[in-house]
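Survey of secondary and tertiary structure
For reference, the chains in residue letters:
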Amino acid sequence: MKLSPKLELAGISLRDMGHADIREVEALERRLFPVDAWPLQMFIDELAQPGTRRYVVAEVGNEIVGYAGLMCIEPIADVQTIAVVPEYEGKGIGSAMLTELIDEARRRGAADVLLEVRADNPRAQQLYLRFGFQQIHVRPRYYRDGTDALIMRLQLGDATSPEGPTA
């Protein structure tokens, strides 16, 4: 997986998530999303479907600092999850993982990539907007704590480059 020189210099790597990673990722999930954390079995079930799923992890040394997943059933791809530990936010890890998921959606023939993002998470919303996602809908009270979900879509035929927008 191609990473920016900045990430490589920082010792950050990106690779496919494997079954050996599930417990560590699930622990991060509980830490990062205490109200809406996926149960362990959900990660097991997701990795058991490689024909329609792709999950990646970002590492520093042997420590997982981010993870992301995509479901693709043509013509739609859906970002299932994307997370970076707070200590590593702002270093380009989320962008690298999102780029990999968008590239995977293209490889699998998707026309659109959809995702849900919390209405109270402007940092994530800005990431998606930089990649060309547009808000298309709101799901009221989607999350367990009553927060709305913004539904966003990236049309791959009109999308920015896989590396994100040029600035």
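Residues numbered from 1 in each chain as written. Predicted model: local features only at pLDDT ≥ 70, side-chain atom pairs only at ≥ 80, totals over all residues. Heavy atoms only, no water.

Things to note about the nonpolar core
Nonpolar side chains tend to gather and get buried jointly when the protein is soluble and globular. By size, the foremost hydrophobic cluster in this structure holds 46 residues, and its most contacted members are Tyr 67, Val 79, Met 97, Leu 98, Val 113, Tyr 128 and Phe 133. The greatest single-element share of this core, amounting to seven residues, is contributed by helix α4 (residues 93–107). Ignoring any residue separated from it by four or fewer positions in sequence, one finds Met 97 in contact with Leu 14, Val 56, Ala 58, Gly 66, Tyr 67, Ala 68, Ile 82, Ala 83 and Val 84. (Core = buried A, V, L, I, M, F, W, Y, C linked by side-chain atoms within 4.5 Å. Buried < 20%, exposed > 50% of the residue type's maximum accessible area, 1.4 Å probe, protein only. Helix = DSSP H or I, 4+ residues; strand = E, 2+ residues; numbered from the N terminus. Contact = heavy atoms within 4.5 Å.)

Considering the pairing of strand β7 (residues 149–155)
Burial analysis of β7 places five of its seven residues in the buried class, the great majority of the element. Across five bridges, strand β6 (residues 134–139) lies against β7 in antiparallel orientation. Its bridge partner lying in β7, Arg 139 is registered against Ala 149. (Pairing = 2+ DSSP bridges.)

Regarding the sheet that holds strand β4 (residues 76–84)
The sheet built from seven strands is open, its strands ordered β1-β2-β3-β4-β5-β7-β6 with mixed pairing. Each edge of the sheet is formed by a strand with only one pairing partner; in this case those strands are β1 (12–16) and β6. On average, each strand axis in the sheet is tilted by 25° relative to the strand beside it, whichever way the strands run. Where β1 lies against strand β2 (residues 53–60), five bridges are found, and the strand directions are antiparallel. Across the sheet, Ser 13 pairs through a bridge with Glu 59, a residue of β2. Packing against the sheet, α4 makes contact with β1, β2, β3 (63–73), β4, β5 (112–118) and β7, and its axis sits at approximately 160° to β4. Strand contacts of helix α5 (residues 122–130): β4, β5 and β7, with the helix running at about 160° to β5, the strand carrying the most contacts. (Axes fitted to C-alpha atoms, helices over the stretch in contact; angles between N-to-C directions.)

Re the pattern of salt bridges
Per the counting criterion, the structure on display carries 16 salt bridges. In this structure, Arg 30 engages Glu 26 in a salt bridge whose closest nitrogen and oxygen atoms are separated by 2.8 Å. With Arg 30 and Glu 26 both in helix α2 (residues 22–32) and four residues apart, the pair spans about one turn of that helix. Residue classification places Arg 30 among the partly exposed residues on the basis of a relative accessible area of 46%. Here Glu 46 makes a salt bridge to Arg 53, at a shortest N to O gap of 2.9 Å. The exposure class of Glu 46 is buried, given its relative accessible area of 6%. On the basis of relative accessibility, which here comes to 12%, the residue Arg 53 falls in the buried class. Here the salt bridges do not stand alone but share partners, grouping Asp 16, Arg 54, Glu 100, Glu 104, Arg 107 and Arg 108 into one network. (Salt bridge = Lys/Arg side-chain N within 4 Å of Asp/Glu carboxyl O.)

Here's the deal with the packing of α4 against α5
It is at 11 Å that the axes of α4 and α5 come closest, and there the two elements cross at 50°. Judged by the angle between their axes, α4 and α5 are oblique. As for the relative orientation of α4 and α5, their crossing is right-handed in sense. On α5, the residues that touch Gly 94, Ser 95 and Leu 98 of α4 are Leu 127, Tyr 128 and Arg 130. (Parallel < 35°, antiparallel > 145°, perpendicular 65-115°, else oblique. Left-handed = near helix turned anticlockwise from the far one by under 90°.)

Concerning the packing of aromatic side chains
Under the definition given, this model contains five aromatic pairs. Judged by centre distance (5.0 Å) and plane angle (90°), the ring pair of Tyr 142 and Tyr 143 falls under edge-to-face. Assessed through its relative accessible area of 41%, Tyr 142 is described here as partly exposed. For Arg 118, the ring lying beneath its charged end belongs to Tyr 143, and the centroid distance is 4.9 Å. (Phe/Tyr/Trp six-rings, centres within 6.5 Å; stacked < 30°, edge-to-face > 60°. Lys NZ or Arg CZ within 6 Å of the ring centre and 35° of its normal.)

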